[in-house]
Amino acid sequence: MALQCGIVGLPNVGKSTLFNCLSNAKAQSANFPFCTIEPNVGVITVPDDRLTKLVEMCSPRSVVPATVEIVDIAGLVKGASRGEGLGNKFLANIRETDAIIHVLRCFDDDNITHVDGTVDPVRDKEIIDTELMIKDLETVESRIAKTLKQAQTGGDKVAKMQYEVLRQVKEALDKGLPARSVSFDSPDEQKFFRELFLLTAKPVLYVCNVDDAAAANGNAYVDAVREAIKDEGAGLLIISARTESEIAELDTWEERQEFLHEIGLEESGVSRLIRAAYALLDLQTYFTAGPDEVRAWTFIRGSKAPKCAGIIHTDFEKGFIRAEVIKYDDYVALGGETGVREAGKLGVEGKEYVVQDGDIMHFRFNV
């Protein structure tokens, strides 16, 4: 499932350093703007203790974890919507992603220059927000001119609905609010809104890149960001990219855990970020488990059983008969599939079953 999160931010906020920690890709990290020109893509394993437990129980011949794609996009500067810097390339790259990880510099360091001279993460956030909103406003105003004419002259009900959606989005953008702040009730409105592919409609996770001392509890910069985004419906994560780089250099899991314990963290920021990115894309996991393979399958939250079956193979969806479902907790508590069957805990579900995160599935089909 090729859904992507794009890492964005102003130059020199720690985007590429963080990306390097997230994947084995070698994004150049240097102390000058635009060191990342072409977007680097990393396919990253999603940490999941449930998968580890299933592997322990099944001792399979192969293991396939869930993954998420992260794209490191060139740093944006003020004026990007007018083509300044690498603006056009930035906007094209971000339009292709499904969600945004917005990295904000929340640390002081005289050795790392800031493109605007001073550290102010709220100002930095607003620079990028403004550039994205300007581009979205261009898109919306262009569509309004065309749609309004159709709605007025032809009495077209669809055009009227579309105009109303566009009007509400324009009103939000004019107020300095992202498109995602507008919600629509009817499926037709929601579908049209999605098809506009607006930059500020994408879900956002703000990552506050702090120094080592603030990795556990944050700092005044983080508090300012938290206050600034309180009405956005966006997430916030505190990470020290420098600390994550140090963790990545340690050879063993034990060494990494000891290091985390020393700085007051239970797990690495990278692990938290990957899971947050997965959730940001509205993704969940179901499993197939047995002696041949334990595998995590990625699906979009709210998907029904046939759709999830089709992720394995299109024939599974076309010829879907039923799904045998085991809840993860039952699987663990009862010692596996045999114990679940003996206890009468195996669920048999039809086409309307909405698959739940952590379900262990077996699909019956006939083509």
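This write-up is about the structure you can find in this document. (Residues numbered from 1 in each chain as written. Predicted model: local features only at pLDDT ≥ 70, side-chain atom pairs only at ≥ 80, totals over all residues. Heavy atoms only, no water.)

## Overview of the layout of surface pockets
Piece 1. The calculated volume of the largest pocket comes to roughly 740 Å³.
Piece 2. Along the walls of the largest pocket sit 23 residues, with Pro 47, Trp 253, Arg 256, Ser 268 and Ser 271 positioned nearest its centre.
Piece 3. Residue assignment for the lining of the largest pocket shows that the elements contributing at least two residues are α1 (15-22), β2 (40-45), α2 (49-58), α8 (241-249), α9 (253-262) and α10 (269-280).
Piece 4. Tallying contributions element by element places helix α6 (residues 187-195) first for the lining of the second largest pocket, with 3 residues.
Piece 5. Of the residues contributing to the lining of the second largest pocket, the split by class is 12 nonpolar, 3 polar and 7 charged. (1 Å grid on protein atoms, 1.4 Å probe; cavity = no way out; pocket = protein on both sides within 12 Å on 5 of 7 lines; lining within 4 Å. Points joined across faces, edges and corners; volume = space filled by probe spheres on them. Helix = DSSP H or I, 4+ residues; strand = E, 2+ residues; numbered from the N terminus. Nonpolar A, V, L, I, M, F, W, Y, C, P; charged D, E, K, R; others polar.)

## Here we look at the environment of Pro 11
Piece 1. Turning to its location among the elements, Pro 11 is positioned in the loop between β1 (4-8) and α1.
Piece 2. For Pro 11, a relative accessible area of 3% translates into the label buried.
Piece 3. Each C-alpha atom of the pair Pro 11 and Arg 105 lies 9.7 Å from the other, and the pair is 94 residues apart in sequence. (Buried < 20%, exposed > 50% of the residue type's maximum accessible area, 1.4 Å probe, protein only.)

## Topic: the nonpolar core
Piece 1. Membership of the largest hydrophobic core comes to 62 residues, with the highest contact counts inside it found for Cys 5, Leu 22, Val 68, Ile 70, Ile 101, Val 207 and Leu 273.
Piece 2. The dominant element in this core, judged by the number of residues it contributes, is α10, at 6 residues.
Piece 3. Those residues within four positions of Leu 22 in sequence are excluded, and the remaining contacts are Ile 7, Ile 44, Ile 70, Val 270, Leu 273 and Ile 274.
Piece 4. Counting 17 residues, the second largest nonpolar core, distinct from the first, contains Met 133, Leu 137, Val 169 and Val 182. (Core = buried A, V, L, I, M, F, W, Y, C linked by side-chain atoms within 4.5 Å. Contact = heavy atoms within 4.5 Å.)

## With respect to unusual backbone geometry
Residues other than glycine predominantly adopt negative phi, and peptide bonds predominantly adopt the trans conformation.
Piece 1. Positive phi, close to 65°, is recorded for Asn 12, a residue that is not glycine.
Piece 2. Summarising the element assignment, Asn 12 is placed in the loop between β1 and α1.
Piece 3. With a relative accessible area of 15%, Asn 12 lands in the buried category.
Piece 4. We note that Asp 282 has phi near 65°; this positive angle belongs to a residue other than glycine.
Piece 5. Its place among the elements puts Asp 282 in the loop between α10 and β8 (283-289).
Piece 6. Using a relative accessible area of 32% as the deciding quantity, one classes Asp 282 as partly exposed.

## Brief notes about the pairing of strand β4 (residues 67-72)
Piece 1. A large share of β4 lies buried, amounting to 5 of its 6 residues.
Piece 2. Bridge count between β1 and β4: 4 bridges; the pairing is parallel. Residue pairing for β4: Gln 4 is matched across the bridge by Glu 69.
Piece 3. Where β2 and β4 come together, 6 bridges link them in antiparallel fashion. Along β4, the bridge assignment pairs Thr 45 with Thr 67. (Pairing = 2+ DSSP bridges.)

Geometric values such as these leave the question of function open.
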